[in-house]
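The residues making up each chain are set out below.
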Amino acid sequence: MPDTPAVIATPRSRVRVPLRFHDGYEADAEIVTFHGLADGREHVAVVLGEPGPVPLVRLHSECLTGDVFGSARCDCGPQLREAVERIAERGGVLLYLRQEGRGIGLYNKLDAYALQDEGLDTYEANAALGLPEDARDYTAAAQMLRALGIGELDLLSNNPDKAGQLRSLGVGVRDRVPTGVFTTAHNVRYLRAKVLQTQHTLPLAALTELSAG
């Protein structure tokens, strides 16, 4: 992975969008699109509140099932809702990245769900399909941050790989701020696998107890 993105991205457009969530929470946002992103995908930055010198930033990977349909098989929808409010309160940016299924795409993710129903965990299911456990590359995210003038940030994430990749791409991550823990009867095994396989900062003991129950 390069130390810095080879191509410089630039803002393409900025538009004000009022956000409203199912629970009635509202926030004003500015959505920014970009020219020159390394992977050619239509990622967007959602600017919330008044970002300071070290803004709060979340890299949120698109999840149609969780973000839109409220799937209980993951924690993506609640994380998105939480992130918007926390970032709006402090000031910062949510990068909404078109990386469905940790980068494998929607159809492959649903195929992996079917394998999970047979007993595999989320990472084993990807491997059984001949796919990477996590195919996400955050080069475009680093480009977006630079285009917004952000050189240092606090990262809202439980995933150490996001911080590691950003740092390797030359973005200063001052602190990694954990998100909430959003468990359902359907996602406990998924969350536990994230701790065991990719060292997410989630309470393993509590997740193990819930999974066993």
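Residues numbered from 1 in each chain as written. Predicted model: local features only at pLDDT ≥ 70, side-chain atom pairs only at ≥ 80, totals over all residues. Heavy atoms only, no water.

S.K.: Would you mind going over the packing of aromatic side chains in detail, with residue names and values included?
M.R.: Evaluated as defined, the whole model comprises one aromatic pair. Both rings, one in F21 and one in Y25, keep their centres 6.2 Å apart while their planes meet at 40°; by these two values the pair is tilted. Lying over the aromatic face of Y113, R73 brings its terminal NZ or CZ to 4.2 Å of the ring centre. Above the ring of F21, the side-chain terminus of R81 is found at 5.7 Å from the ring centroid. (Phe/Tyr/Trp six-rings, centres within 6.5 Å; stacked < 30°, edge-to-face > 60°. Lys NZ or Arg CZ within 6 Å of the ring centre and 35° of its normal.)

S.K.: An account of the environment of H43 is requested, with residue identities and associated values reported.
M.R.: Mapped onto the fold, H43 is located in the loop between β2 (26-35) and β3 (44-48). Under the relative-accessibility criterion, H43 is labelled buried at 2%. Counting along the chain gives 53 residues from H43 to Y96, while the straight-line C-alpha distance between them is 5.9 Å. In this structure, H43 is in contact with V32, F34, L37, Y96, L97, R98, Q99, A140 and M144, ignoring residues within four places of it in sequence. At a separation of 2.9 Å, a polar atom in the side chain of H43 contacts the main-chain amide nitrogen of R98. (Helix = DSSP H or I, 4+ residues; strand = E, 2+ residues; numbered from the N terminus. Buried < 20%, exposed > 50% of the residue type's maximum accessible area, 1.4 Å probe, protein only. Contact = heavy atoms within 4.5 Å. Polar contact = N/O pair within 3.5 Å; in protein donor to acceptor, adjacent residues only side chain to side chain.)

S.K.: Requested: an account of helix α3 (residues 106-116), with residues and values cited.
M.R.: Among the residues of α3, those classed as buried are K109, A112, Y113, L115 and Q116. Projected down its long axis, α3 carries its buried residues within an arc of 160°, all on one side. (Arc of directions from axis to C-beta.)

S.K.: Which residues make up the sheet that holds strand β1 (residues 10-20), and what values do they have?
M.R.: Pairing is mixed across the open sheet formed by seven strands, whose spatial order is β1-β2-β3-β5-β4-β6-β7. Two strands close off the open sheet at either side, each with one partner strand: β1 and β7 (172-177). Averaged over all pairs of adjacent strands, the angle between strand axes in this sheet comes to 30°, irrespective of strand direction. The pairing of strand β6 (residues 152-156) with β7 spans five bridges and is classified as parallel. Across the sheet, L153 pairs through a bridge with V173, a residue of β7. Those strands touched by helix α2 (residues 76-90) are β1, β2, β3, β4 (56-61), β5 (92-97), β6 and β7, and its axis lies near 160° from that of β4. The sheet strands contacting helix α6 (residues 160-168) are β4, β6 and β7, and the helix crosses β7 at an angle near 170°. (Pairing = 2+ DSSP bridges. Axes fitted to C-alpha atoms, helices over the stretch in contact; angles between N-to-C directions.)

S.K.: Can you tell me about helix α5 (residues 139-147), naming the residues and giving the values?
M.R.: Of all nine residues making up α5, eight are buried, and the element is well covered by its neighbours. Along α5, the residues that are buried comprise T139, A140, A141, A142, Q143, M144, L145 and A147. Looking at the residues trailing α5, positive phi occurs at G149, about 80°.

S.K.: Break down the pattern of salt bridges for me, citing the residues and quoting the values.
M.R.: For the structure on display, the rule yields eleven salt bridges. A salt bridge links R98 to E62; the shortest N-O distance between them is 3.0 Å. Linking R98 in the loop between β5 and α3 with E62 in the loop between β4 and α1 (64-68), this pair joins segments that are 36 residues apart in sequence. Two residues, R73 and D117, come together in a salt bridge whose shortest N-O distance is 3.1 Å. With R73 in the loop between α1 and α2 and D117 in the loop between α3 and α4 (122-128), this residue pair connects regions lying 44 residues apart in the sequence. With a relative accessible area of 25%, R73 lands in the partly exposed category. Linked by salt bridges that have partners in common, D23, R81 and E85 make up one network. (Salt bridge = Lys/Arg side-chain N within 4 Å of Asp/Glu carboxyl O.)

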